[in-house]
Amino acid sequence: MSITRGFTTTIGLVAAGALALGLAGCGGASADPDSSAGGDGDLTTVGFVAVGPEGAWRKANEQNIQDTFTTDAGYELKYAPAAKLDQKSQIDAFTSFVDEGVDVILLSATEGSGWEDSLTRAQEAEIPVILIDRGIEPDNTDLYVTRIAPDNKEVSASVAEWAQSEFPDGAKYFVLEGPAGVSVVNERNEGWDEVIGAESTFEKLGAQTANWSTEEAKSVFETVLKSNNNDVQMVFAQNDEMGLGAVQAVEEAGLVPGEDVKIATIDGTKNALQALADGKLSFVAEYNPLFGETAMEVVEKVLAGEDVEPYIIVPSETFDSPEAASEALPERQF
Ligand code: AHR
C-alpha cells in the first residue's frame, strides 16, 4: 500500500500539484515589490547554489529545478554545483551571485552550519534566499525567506512507525546515516528517535555514516554483521543508495534481505522501488525531489513582495509492499 502523507503542520500545508502559500507572517524578508525582476520581458536571474553530483535523488531534484526555471518561463538560471560537495565552493558561488546582483538565490547547502555571513550579505543586498531541501544550523529564519522540502522528521517518523508495526516485539537495528553536519541527517535522526527512542524493545546496535554511498554502506554493514554475529534484524538507511549497499552486505553474508534483515530507506528512487518490488528492501519512504514548480511559484510570490510560509512542506508518500512498489514503478519519474 502506498500512503501519501500530506502533512498539515503549524507551518504550512502543500497539496500535491498545487501550492497553498499562506499569507501568515513570514519568517524572513520578502523582496522589494518594486524590484526590477521580471520587468518588461527581461529575465529574472536566479542563482542556484547547488550540491551537484551526489546520487539519484540529487540528480532528480537539481534537474527538475533546471527544467522549471527556463528562459521560456522568464528565468535565467545560473546553476552552480559544489566542487566535490565542498562548502567553500558553495560560499564562493553564493558570494558571486550577491556581487552580481541576481534577483533571487536558491541554496541547497552541503553543510548545515557556516552560512550566517553569506546570508547576511544577501539580506543587506536585498536578495531573497530560498533554501532548497537542506536547512541551515542554527535555523535562523530571519536569514532566509523560506525552505522548500519534504518534512524530514515526518518522513523519518514514518520509517519508525513502520518498524514498530513490523517488529511488535522490538528488534536489534543499525542506522546508516548521511554525512555528519548535513541538516537532513540530524532531522532524520530526530524523527526516528522521537518514535523509536521511547521503545525499550528496540536495541540500537549503532549508527555510522556511509556518506549516501552504496559502496561505503556495504562495507560498513559487512562489519556490523560480522561484529554482531549476523544478529541484526533491521537497518534504517537514511537514503536509498545506502540501503542498497546494506542489501549487498546481507547477501554476501549468506543471509536473505527482507527476511533475515529488513532494510528501510528514504528517498523513493526507481532503484529502491525495484528492490522493494523484488523483496530486497522492506519499506521505502519517499522524500519527493520534484518540487521545481513549487519553487517557481514561491519565487514569483517573493519577488512580487508577498509573504510566504517559512517552511513549505512538499508532500511525500510511503511504500510498504512489493505490490505498492510494482504499481508505482511504471510511472516513476526519478
Ligand atoms: O538532502 C536530501 C538527501 O541528500 C537525500 O535523501 C540523499 O539521497 C541526498 O544525497
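Residues numbered from 1 in each chain as written. Predicted model: local features only at pLDDT ≥ 70, side-chain atom pairs only at ≥ 80, totals over all residues. Heavy atoms only, no water.

Engineer: I would appreciate a short explanation of the overall build of the chain in the present structure.
Structural biologist: Along the backbone of the chain there are 10 helices and 13 strands. For the chain, buried positions account for 54% of its 334 residues. Partitioning the contacts of the chain with sequence separation of at least 6, the portion at a separation of at least 24 is 79%. Just so you have it, the chain exposes about 13700 Å², and 46% of that area is on carbon and sulfur atoms. (Helix = DSSP H or I, 4+ residues; strand = E, 2+ residues; numbered from the N terminus. Buried < 20%, exposed > 50% of the residue type's maximum accessible area, 1.4 Å probe, protein only. Contact = heavy atoms within 4.5 Å. Areas by Shrake-Rupley, 256 points an atom, 1.4 Å probe, with all protein chains shown as cover.)

Engineer: Just checking my understanding: could you explain the sheet that holds strand β5 (residues 129-132) for this structure?
Structural biologist: The strands that make up a sheet pair up through hydrogen bonds in the backbone, lying either parallel or antiparallel. In space, the six strands of this open sheet follow the order β3-β2-β4-β5-β6-β12, with parallel pairing throughout. Pairing within the sheet leaves two strands with one partner each, and these edge strands are β3 (75-81) and β12 (311-313). Across this sheet, the average inter-strand angle for adjacent strands is 20°, counted without regard to direction. Where strand β6 (residues 146-149) lies against β12, three bridges are found, and the strand directions are parallel. Looking at β12, one finds that R147 is bridged to Y311. (Pairing = 2+ DSSP bridges. Axes fitted to C-alpha atoms, helices over the stretch in contact; angles between N-to-C directions.)

Engineer: Sorry if this is basic, but what is going on with the nonpolar core here?
Structural biologist: For soluble globular proteins, nonpolar side chains are generally found buried alongside one another. With 83 residues, the main nonpolar core has F69, L176, F221 and M234 as its most contacted residues. Both domains that furnish three or more residues to this core are identified here as domain 1 (12-149 + 289-314) and domain 2 (152-286). Leave out the neighbours within four places in its chain, and F221 touches F174, V232, V235, A246, A249, V250 and V261. Within the second largest apolar cluster, 19 residues are counted, among which are V49, V98, L131 and Y144. (Core = buried A, V, L, I, M, F, W, Y, C linked by side-chain atoms within 4.5 Å. Domains from an automatic or database assignment.)

Engineer: What is the right way to look at the environment of V261 in this model?
Structural biologist: Tracing the sequence through the fold places V261 in the loop between α7 (240-252) and β10 (262-267). Given the relative accessible area of 0%, V261 is considered buried. Separated by 20 residues in sequence, V261 and L281 place their C-alpha atoms 9.2 Å apart. Sequence-distant contacts of V261, defined by excluding residues within four places in its chain, comprise F221, V232, Q233, M234, V235, V250, L255 and V256.

Engineer: Please explain α7 as it appears in this structure.
Structural biologist: In an α-helix, one full turn covers 3.6 residues, which means residues spaced three or four apart are oriented alike. Between its first and last C-alpha, α7 extends 19 Å over 13 residues, near the 18 Å set by a 1.5 Å rise per residue. Most of α7 sits inside the fold, with 10 of its 13 residues counted as buried. Every buried residue of α7 is accounted for by D240, E241, M242, G243, L244, G245, A246, V247, A249 and V250. Backbone geometry just downstream of α7 places G254 in the positive-phi region, at approximately 80°. (Expected span 1.5 Å × (residues − 1).)

Engineer: Please explain the packing of aromatic side chains as it appears in this structure.
Structural biologist: Ring pairs (aromatic) are described by centroid distance and by the angle formed between their planes. For the coordinates displayed, the defined rule picks out 10 aromatic pairs. When the ring of W57 is compared with that of Y287, the centres are 5.3 Å apart and the planes differ by 40°; the resulting orientation is tilted. Placement of W57 in helix α1 (residues 56-68) and of Y287 in the loop between β11 (283-286) and α9 (292-303) is noted, with a sequence separation of 230 residues between them. These aromatic residues form a ring-pair network of at least three members: Y173, W192, F202 and F236. (Phe/Tyr/Trp six-rings, centres within 6.5 Å; stacked < 30°, edge-to-face > 60°.)

Engineer: Before we go on, may I ask you to explain the environment of G47 in this structure?
Structural biologist: Along the chain, G47 turns up in strand β2 (residues 44-50). Residue classification places G47 among the buried residues on the basis of a relative accessible area of 0%. Excluding anything up to four places from it in sequence, G47 contacts K78, F97, V102, V104, I105 and L106.

Engineer: I'm lost on helix α8 (residues 270-277) in this one. Help?
Structural biologist: Inspection of α8 places A272, L273, A275 and L276 among the buried residues, and these make up the whole buried set. Summarising the axial view, the buried residues of α8 lie within an arc of 160°, below the 170-degree limit, and thus occupy one face. Close packing links the buried residues of α8 with α7, β10, β11, β13 (316-319) and α10 (322-328). Among the residues trailing α8, G279 stands out with phi positive, at a value near 85°. (Arc of directions from axis to C-beta.)

Engineer: What exactly am I supposed to notice about the site of the ligand here?
Structural biologist: The local shell around the ligand consists of E54, W57, R58, D133, R134, V184, R188, W212, N239, D267 and Y287. Within the side chain of R58, a nitrogen or oxygen atom sits 3.1 Å from an oxygen atom of the ligand. Elements represented by at least two residues in the shell around the ligand include exactly α1 and α5 (183-196). The residue inventory of the shell around the ligand, partitioned by class, reads four nonpolar, one polar and six charged. Of the domains in this structure, domain 1 (12-149 + 289-314) and domain 2 (152-286) are the two that each give at least three residues to the shell around the ligand. (Near = heavy atom within 4 Å. Polar contact = N/O pair within 3.5 Å; in protein donor to acceptor, adjacent residues only side chain to side chain. Nonpolar A, V, L, I, M, F, W, Y, C, P; charged D, E, K, R; others polar.)

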